[in-house]
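# Structural features, examined
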Amino acid sequence: MKKLAGIFLIMLGLTGCHMINRPGGNRTTPVYRITTNRDIYSRGNTGEVTIRNISSRQLEYNLCQRRLERQVNKYWVVAFEWPTAGGACTTEARRLAKDDTVTTLFDIPTGVPIGRYRMVFTNLRGKDGKTVSPYEASTPSFDVR
């Protein structure tokens, strides 16, 4: 019995280390599927994002506040944010039913450097009503040329 308990503790310890070292170790199951209409954009282009509620319940969102992030080495850095200086967003939360989608447009500013980018929507809410992480609220990466 002691041998079995020892094996159990070793397995538990290994599992715990695996969870700590795993990239994004405490990521939850995504509640949104976010896609873009293209994989490559030119500076000055307009892109389209579709956000689908893939959870089992209605979610809340506001798409006004968002940012364009550029990948620098392994990090994401803010390249552009909306609303721009002097702009404003309403705080109104909209509702997105299970399996429904919402589509929005975004501009690729002419002054951004070429590289790999993603859009992050900073006011998507999860099942618990809290804002989801940038990992869950971002598009797949795309190239800007």
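Refer to the structure presented above.
Attention in this report is confined to the structure presented alongside it. Treat the numbers as computed from the prediction; the structure is a model and nothing was measured.

With that out of the way, let us pick up the state of the cysteines. Enumeration according to the criterion identifies one disulfide in this entry. Covalent S-S linkage joins C64 and C89, the inter-sulfur distance amounting to 1.9 Å. Every disulfide takes its handedness from the sign of the S-S torsion; for C64 and C89 that torsion is -80 degrees, giving left-handed. In this pair, C64 is assigned in the loop between strand 4 (59-61) and strand 5 (66-72) and C89 in the loop between strand 6 (75-82) and strand 7 (94-96), connecting sequence segments 25 residues apart.

Bringing the packing of aromatic side chains into the picture now. A complete count under the given rule lists four aromatic pairs for this structure. Centre to centre, the rings of F106 and F142 are 5.8 Å apart; their planes meet at 40 degrees, and the pair counts as tilted. On the criterion of sequence distance, the pair formed by F106 in strand 8 (residues 101-107) and F142 in strand 10 (residues 142-144) is long-range, its members being 36 residues apart. For the residue pair F106 and F142, the accessibility class agrees, reading buried in each case. Ring pairs connect the aromatic residues Y41, F106 and F142, which therefore count as one cluster. The residue whose ring lies beneath R66 is W82, and the NZ or CZ to ring-centre distance is 5.7 Å.

By the element assignment, E69 lies in strand 5. With relative accessibility at 4%, the residue E69 sits in the buried group. In this structure the side chain of E69 is engaged in a polar contact, spanning 2.5 Å, whose partner is the side chain of R67. Here the side chain of E69 touches R118 through a polar contact of 2.7 Å, side chain to side chain.

Moving on, we get to the sheet that holds strand 6. The strands making up a sheet are joined through hydrogen bonds of the backbone, oriented either antiparallel or parallel. With mixed pairing, the five strands of this open sheet are ordered in space as 2-10-9-5-6. The sheet is open, and its two borders are formed by strand 2 (40-41) and strand 6, each paired with just one other strand. The pairing of strand 9 (residues 115-121) with strand 10 spans three bridges and is antiparallel. The residue bridging Y117 from the neighbouring strand is F142, located in strand 10.

Taken together, the side chains of V72, Y75 and V77 present a nonpolar region at the surface, about 250 Å² in accessible area. Summarising the element assignment, V77 is placed in strand 6.

Moving on, we come to the pairing of strand 9. With five of its seven residues buried, strand 9 lies for the most part within the structure. Judged from the five bridges that link them, strand 5 and strand 9 form a sheet pairing that is antiparallel. When the bridges of strand 9 are listed, R66 appears paired with F121.

Turning our eyes to something else, we now look at the pattern of salt bridges. The tally for this structure, following the rule as stated, stands at four salt bridges. Between R95 and E60 there is a salt bridge, and its shortest N-O distance comes to 2.5 Å. On the criterion of sequence distance, the pair formed by R95 in strand 7 and E60 in strand 4 is long-range, its members being 35 residues apart. Among the residues examined, R95 registers a relative accessible area of 52% and is labelled exposed.

Calculation rules
Residues numbered from 1 in each chain as written. Predicted model: local features only at pLDDT ≥ 70, side-chain atom pairs only at ≥ 80, totals over all residues. Heavy atoms only, no water. Disulfide = S-S within 2.5 Å. Helix = DSSP H or I, 4+ residues; strand = E, 2+ residues; numbered from the N terminus. Phe/Tyr/Trp six-rings, centres within 6.5 Å; stacked < 30°, edge-to-face > 60°. Buried < 20%, exposed > 50% of the residue type's maximum accessible area, 1.4 Å probe, protein only. Lys NZ or Arg CZ within 6 Å of the ring centre and 35° of its normal. Polar contact = N/O pair within 3.5 Å; in protein donor to acceptor, adjacent residues only side chain to side chain. Pairing = 2+ DSSP bridges. Patch = residues over 30% accessible without salt bridge, like charges linked within 9 Å, V, L, I, M, F, W, Y side chains within 5 Å. Areas by Shrake-Rupley, 256 points an atom, 1.4 Å probe, with all protein chains shown as cover. Salt bridge = Lys/Arg side-chain N within 4 Å of Asp/Glu carboxyl O.

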